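Listed below are the residues making up each chain.
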Amino acid sequence: MFMSVKSRILQELRSHSAVLSGEQLSAMLGVSRVSVWKHIHKLKALGYEIRIFANGYQLINSPDVIYPWEFPNRESNFIYHPEVPSTMDIAKQLARKQCPEFTVVIAERQTRGRGRLNREWLSDAGGLYFTMVLRPQIPLLFSSRINFLASLTLTHILREMLQIEAMVKWPNDILVNGRKISGMLSELETEADRILFINIGIGINVNNDPTRAEPTASSLKLIAGKEISRKELLSRFLDKFEYQMKHADFDAIISEWKNVAVTLNRHVRIVTNTGESQGIAVDVDENGALVLKLRDGSYKKVVYGDCFHQG
Ligand code: BTN
């Protein structure tokens, strides 16, 4: 497993609460003392509180940052940018160039963050904005289950980590107290019937405040009343989702998703690129399509769109 010098310095400083000398660090890492010194100064410039004593270094505090070296188990496949138009575009280019599965592209801010149906996704500093490149070996028909697995996993992580009642709204929004705190967008490329990649982009309102522009949205900080560690949330989500991609029972995903859904048995309006439908959301089928009961008593399946609860 590749680990950068920064990652290894932080690992050693974190596991030794006492002062570590430049000589010890240089011997542990197999790099020169000058190299240790340079990296320590770079880390300080990046916001790490490191005390420098005559006899060595001590880590006092780490900022809540999402630099690749904070994710040692996935550092080489973790593409970090302070600002990009959209992580979706970068992930697509990388996926087309055969980047490894589970490459994660992440940005502190996006200037042209995209939501479903070509809407804008506000991406101010403080949120999490990332796209994962996946290459599942599953039939194309089942591909949408991956999105449902992602929203289900994130819902469970939010519940465990923050003790909040996170719920999913069809297709893959996450709401808390009826307010949207996360949305997902996926892009897929195929060759004949084979999935080449599915890129899942996730935006989570963590410590940002989206309410001025989006009154129906909220953020985890506003809900919990305190700053939330983006690093911990992201790391817990990525680890659990990657595990679930390998081990989950794909036939059970939709029924588990329904257990935490707010959309069923409600009157909804579904907006798609081509029009809109209204009815009662009676079910979600095995591949994630929403089953609507229309006013005339007939049923209609919707595979894609935006869902508005009508009461
Ligand atoms: C939605 O709810 O409409 C989907 C929002 C998806 C936003 C994420 S943020 C990371 C990735 N990059 C984007 O431009 N969009 C997705």
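Here, every reference points to the structure presented above.
Cut-offs and rules
- Residues numbered from 1 in each chain as written.
- Predicted model: local features only at pLDDT ≥ 70, side-chain atom pairs only at ≥ 80, totals over all residues.
- Heavy atoms only, no water.
- Core = buried A, V, L, I, M, F, W, Y, C linked by side-chain atoms within 4.5 Å.
- Buried < 20%, exposed > 50% of the residue type's maximum accessible area, 1.4 Å probe, protein only.
- Contact = heavy atoms within 4.5 Å.
- Helix = DSSP H or I, 4+ residues; strand = E, 2+ residues; numbered from the N terminus.
- Patch = residues over 30% accessible without salt bridge, like charges linked within 9 Å, V, L, I, M, F, W, Y side chains within 5 Å.
- Areas by Shrake-Rupley, 256 points an atom, 1.4 Å probe, with all protein chains shown as cover.
- Salt bridge = Lys/Arg side-chain N within 4 Å of Asp/Glu carboxyl O.
- Axes fitted to C-alpha atoms, helices over the stretch in contact; angles between N-to-C directions.
- Parallel < 35°, antiparallel > 145°, perpendicular 65-115°, else oblique.
- Nonpolar A, V, L, I, M, F, W, Y, C, P; charged D, E, K, R; others polar.

S.K.: What should I look at first to understand the nonpolar core in this one?
M.R.: The tendency in soluble globular proteins is for nonpolar side chains to be buried side by side. Counting residues in hydrophobic clusters, the biggest one holds 77 residues, and the most contacted among them are Phe-130, Met-132, Leu-158, Leu-220, Leu-233 and Phe-241. Not counting residues within four places of it along the chain, the set of residues in contact with Met-132 comprises Phe-102, Thr-103, Val-104, Ile-198, Asn-199, Ile-200, Ile-202, Phe-237, Leu-238 and Phe-241. Val-84, Val-105, Ala-107 and Val-133 belong to the second largest nonpolar core, which has 9 residues in total.

S.K.: Would you take a moment to explain the environment of Leu-10 for this structure?
M.R.: Residue position: Leu-10 is located in helix α1 (residues 5-15). With 12 residues separating them in the primary sequence, Leu-10 and Gly-22 have C-alpha atoms 13 Å apart. With residues up to four places along the chain from it excluded, the contact list for Leu-10 reads Leu-43, Tyr-48, Leu-59, Trp-69 and Glu-70.

S.K.: I keep staring at a nonpolar patch on the surface and nothing clicks. Help me out?
M.R.: The grouping of Ile-280, Val-282 and Tyr-299 at the surface amounts to a nonpolar patch, some 260 Å² of accessible area in total. Relative to the helices and strands, Val-282 is located in strand β11 (residues 276-284). In this structure Val-282 comes out as partly exposed when scored by relative accessible area, which is 32%.

S.K.: Explain the packing of α1 against helix α3 (residues 33-45) here, please?
M.R.: The angle between the axes and the distance between the axes are what describe a pair of packed helices. As a packed pair, α1 and α3 sit with axes 10 Å apart at the nearest point and diverge in direction by 85°. Relative to α3, the element α1 lies roughly perpendicular. In contact with Val-5, Lys-6, Ile-9, Leu-10 and Leu-13 of α1, α3 contributes Val-36, His-39, Ile-40, Lys-42 and Leu-43. Residue classes in the contact of α1 with α3 are distributed as 7 nonpolar, 1 polar and 2 charged.

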